[in-house]
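Inside the fold
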Amino acid sequence: MLKSGKPFRLRRLSLAGDDRHLLVPLDHSVSDGPIVPAGQWDDLLRALVAGGADGIIVHKGRARAFAPEILGNCALVVHLSASTARAADVDAKVLVGDVEEALRLGADAVSVHVNIGSDTEARQLADLGAVARSCDTWGMPLIAMVYPRGPRIENPRDPGLLAHLVNVAADLGADMVKTSVALPLDRMAEVVANSPIPVLAAGGPPDGSDLVEYGTAVMASGCRGLAIGRRIFSDPAPASLVSRLSAVVHGGSGDGGRGPAARPDGMTDDMAQYSTIVAGVA
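From a predicted model like this one, the values you see are computed outputs, not experimental measurements. (Residues numbered from 1 in each chain as written. Predicted model: local features only at pLDDT ≥ 70, side-chain atom pairs only at ≥ 80, totals over all residues. Heavy atoms only, no water.)

What follows deals with the overall build of the protein chain. Helix and strand counts for the protein chain stand at 12 helices and 10 strands. For the protein chain, the share of sequence-separated contacts (at least 6 apart) that also reach a separation of at least 24 residues comes to 67%. Carbon together with sulfur atoms contributes 51% to the accessible area of the protein chain, which is approximately 12,300 Å² in total. (Helix = DSSP H or I, 4+ residues; strand = E, 2+ residues; numbered from the N terminus. Contact = heavy atoms within 4.5 Å. Areas by Shrake-Rupley, 256 points an atom, 1.4 Å probe, with all protein chains shown as cover.)

Moving on to the pattern of salt bridges. In the structure shown here, the tally under the stated rule is 9 salt bridges. With a shortest N-O distance of 3.1 Å, D127 and R123 are connected by a salt bridge. Residue D127 and its partner R123 are located together in helix α6 (residues 121-138), separated by 4 residues, close to a single helical turn. You can call D127 buried: its relative accessible area is 12%. (Salt bridge = Lys/Arg side-chain N within 4 Å of Asp/Glu carboxyl O. Buried < 20%, exposed > 50% of the residue type's maximum accessible area, 1.4 Å probe, protein only.)

Applying the stated criterion to the full structure yields 0 aromatic pairs. In this arrangement the basic side chain of R149 is found over the ring face of Y147, its NZ or CZ atom lying 4.2 Å from the centre. (Phe/Tyr/Trp six-rings, centres within 6.5 Å; stacked < 30°, edge-to-face > 60°. Lys NZ or Arg CZ within 6 Å of the ring centre and 35° of its normal.)

Now for the nonpolar core. The biggest cluster of nonpolar side chains holds 70 residues, and the ones touching the most others in it are L26, L48, I56, V110, L142, L226 and L245. The leading source of residues in this core is helix α7 (residues 159-171), at 7 residues. (Core = buried A, V, L, I, M, F, W, Y, C linked by side-chain atoms within 4.5 Å.)

Turning to the packing of helix α3 (residues 41-51) against helix α11 (residues 238-249), a few remarks are in order. Relative orientation of the contacting elements α3 and α11 amounts to 30 degrees, with a least axis distance of 7 Å. What the angle tells us is that α3 and α11 run roughly parallel. Taken as a pair, α3 and α11 cross one another with a handedness that is right-handed. Where α3 approaches α11, its residues L44, A47, L48 and G51 are matched on the opposing element by P238, A239, V242, S243 and S246. (Axes fitted to C-alpha atoms, helices over the stretch in contact; angles between N-to-C directions. Parallel < 35°, antiparallel > 145°, perpendicular 65-115°, else oblique. Left-handed = near helix turned anticlockwise from the far one by under 90°.)

Okay, here's the thing in structure tokens:
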């Protein structure tokens with residue numbers, strides 16, 4: 001019997017082999033415009049690899065533009081969804097690639113974006129289901145980027161809403177889900193507890209505070225990784241920042257991978273400290 005390649009590809013998404021992940025999305029060049037000048041892309045990729053990123057997320061055309069050896073052991077995730085900031089409806093995502101294209105590019109996984117609460121939610125859910133079916137056929141891991149965005153969302157940080165979203169991703173066939181972080185942060189543990197698949201925290205802290213402190217608190221809530229793009233690629237020293245975040249994700253800060261100790265109220269000191277930092281941030 002032929003064995004599906006999905007377990008092998010999933011393994012390549014975690015350099016340390018601990019099923020934890022630090023992914024750097026670089027798909028912003030479609031949605032918002034250039035993230036670095038064209039001549040600096042290779043340098044940016046080398047910095048991310050040197051810092052220890054587990055994977056990068058790019059669109060198919062960008063994946064063709066750099067030499068494979070630049071990534072080394074860093075995984076390649078091809079993003080299949082797109083929209084631009086100039087669209088009539090910025091929350092409307094459409095498929096612009098497929099699993100077969102990603103396979104030909106040597107991708108280790110694909111990702112699909114869904115905005116729950118948007119006017120085009122139904123179409124996006126159908127697209128996620130179709131990509132999941134193709135991923136099962138080809139043994140390709142699927143990362144669902146599921147966010148609460150659109151006119152029907154009152155509080156995008158509501159833990160009950162986020163718990164619903166991660167289950168949408170799981171029920172429609174995703175292997176991992178990237179979503180927003182609940183506030184207050186200690187409620188993120190509820191989101192994780194209700195998810196049958198690994199949860200990756202999207203983006204940096206909403207108030208622009210310290211990214212490493214934020215990452216530490218998020219991992220303490222039970223998330224299995226971080227997916228941070230803009231705060232990393234806009235940093236003047238991305239390799240150093242990625243290195244510090246990688247230590248947070250993979251337990252390289254001297255705690256033996258156990259993570260911060262819990263307090264009597266169930267929160268860790270890191271979670272409590274960060275919840276204080278972001279108190280009142282929507």
